[in-house]
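This is what each chain is made of:
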Amino acid sequence: MSKFYVIGKASPELLKKMHADPNADRGAVMKSMCDSLGVKAISYEWLRGRFDVLFCVEGDYESVLAMKVTVLNSGMMSDLMVHEVFDYNSAFKKAADVSKSYKKPGE
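Every chain begins its residue count from 1, and numbering advances along the sequence as written. Residues qualify for local features only when their pLDDT is at least 70, as the model is predicted, and side-chain atom pairs are given and counted only at 80 or more; totals for whole chains, interfaces and linings, by contrast, use all residues. Side-chain metrics in this entry use all non-hydrogen atoms of the structure; hydrogen atoms and water are not considered.

**Some points on the pairing of strand 1 (residues 2-10)**
Right, on to step 1. Bridging between strand 1 and strand 3 (residues 53-59) involves seven bridges; their strand directions are antiparallel. In the sheet register, Ile7 faces strand 3, and the bridge partner there is Leu54. Two strands qualify as a pair provided DSSP detects at least 2 bridges between them. Where helices and strands are cited, they refer to DSSP runs of H or I of at least four residues and of E of at least two residues respectively, numbered from the N terminus.

See the structure below:
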């Protein structure tokens, strides 16, 4: 299982609904969706700044993408990005290894 950070902007429709029902527990809704997909919900937080929501989950990419599609199609978020955590040491080791066989044009 991989770890993902899902970062989103609330749509005007969601903001209206949250204004009408400020006690709504969106984290519980998101956790329920995770449970139905076999994804582990780690944290769900609202943010100040350019984006409104940060959701951390563990699962497979296809399931996290299914969540993204569902939430975007609901109209509750106007932008939603999925960022997968990776092992940067492993990636840069592979880059160092493969650079030995890479040749620039004309070399």
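Having seen it, we continue.
**As for the pattern of salt bridges**
Charged atoms that come close allow side chains of opposite charge to pair.
Right, on to step 1. The rule for a salt bridge is simple: a side-chain nitrogen of Lys or Arg has to be within 4 Å of a carboxyl oxygen of Asp or Glu. A full pass over the atoms with the stated rule returns three salt bridges.
Right, on to step 2. Linking Lys31 and Asp35 is a salt bridge whose minimum nitrogen-to-oxygen distance equals 3.3 Å. Placement of the pair is Lys31 and Asp35 together in helix 2 (residues 26-37), with a separation of four residues, close to one helical turn.
Right, on to step 3. On the accessibility criterion, Lys31 (43% relative accessible area) is partly exposed.
Right, on to step 4. Notably, a salt bridge pairs Lys100 with Asp97, separated by 3.8 Å at the nearest N-O pair.
Right, on to step 5. Salt bridges linked by common partners bring Lys93, Asp97 and Lys100 together as one network. Partly exposed describes any residue whose relative accessible area lies between the buried limit of under 20% and the exposed limit of over 50%, with all areas from a 1.4 Å probe on protein chains only and scaled to the type maximum.

**Topic: helix 4 (residues 88-99)**
Right, on to step 1. Here helix 4 contains 12 residues, and its C-alpha end-to-end distance of 16 Å stays within 8% of the 16 Å for a straight helix at 1.5 Å per residue.
Right, on to step 2. Taken across its 12 residues, helix 4 has zero buried, putting it largely on the surface.
Right, on to step 3. Two or three places before Asn89, at the start of helix 4, stands the capping residue Asp87, its side-chain oxygen 3.0 Å from that residue's backbone nitrogen. Each residue after the first adds 1.5 Å to the expected span of a helix. Here a polar contact is taken to be a pair of N or O atoms separated by no more than 3.5 Å, where protein atoms must pair a possible hydrogen donor with a possible acceptor and residues adjacent in sequence count only if both atoms sit in side chains.

**Some words on the nonpolar core**
Within soluble globular proteins, side chains that are nonpolar tend to cluster in buried spots.
Right, on to step 1. Core analysis: the biggest nonpolar cluster contains 18 residues, and Phe55, Val57 and Met67 have the highest contact counts within it.
Right, on to step 2. Elements with a contribution of two residues or more to this core: strand 1, helix 1 (12-20), helix 2, strand 3, helix 3 (61-74) and strand 4 (77-84). Here, the term nonpolar core denotes a set of buried Ala, Val, Leu, Ile, Met, Phe, Trp, Tyr and Cys residues that are joined through side-chain atoms within 4.5 Å.

**Quick word on the pairing of strand 2 (residues 40-46)**
Right, on to step 1. Where strand 2 meets strand 3, six bridges bridge the pair, whose relative direction is antiparallel. Each bridged residue has a counterpart across the sheet, and for Trp46 the counterpart in strand 3 is Val53.
Right, on to step 2. In this antiparallel pair of consecutive strands, strand 2 and strand 3, the connection spans six residues, and Gly49 shows a positive phi of 120°.

**Quick word on the packing of aromatic side chains**
Right, on to step 1. Aromatic rings from Phe, Tyr and Trp, with only the six-membered ring used for Trp, were paired whenever their centres fell within 6.5 Å, and each pair was classed as stacked if the ring planes differed by under 30 degrees, edge-to-face if by over 60, and tilted otherwise. Tallied over the full model, the rule gives two aromatic pairs.
Right, on to step 2. Ring geometry for Phe4 versus Tyr61: centroids 6.2 Å apart, planes at 45°, classification tilted. On the criterion of sequence distance, the pair formed by Phe4 in strand 1 and Tyr61 in helix 3 is long-range, its members being 57 residues apart.
Right, on to step 3. The exposure class assigned to Phe4 is buried, which follows from its relative accessible area of 0%.
Right, on to step 4. According to the relative accessible area criterion, Tyr61 is partly exposed, its value standing at 41%.
Right, on to step 5. Relative to Phe55, the ring of Tyr44 lies with its centre 5.5 Å away and its plane at 80°, an arrangement referred to as edge-to-face. In this pair, Tyr44 sits in strand 2 while Phe55 sits in strand 3, placing the two residues 11 residues apart along the sequence.

**A short note on the sheet that holds strand 4**
Right, on to step 1. Spatially, four strands are ordered 2-3-1-4 in an open sheet, and the strand pairing comes out antiparallel. Single-partner strands in this sheet number two, and they are strand 2 and strand 4. Looking at each pair of strands side by side, their axes are set apart by 15° on average, direction ignored.
Right, on to step 2. Most of the contacts of helix 2 go to strand 2, to which it runs at about 155°, and overall it touches strand 2 and strand 3. Whenever a helix is involved, its axis is fitted only over the stretch in contact; in every case the axis is a line through C-alpha atoms, and angles between N-to-C directions fall within 0 to 180 degrees. Only heavy atoms matter for contacts: two residues are in contact if any of them lie within 4.5 Å across the pair.

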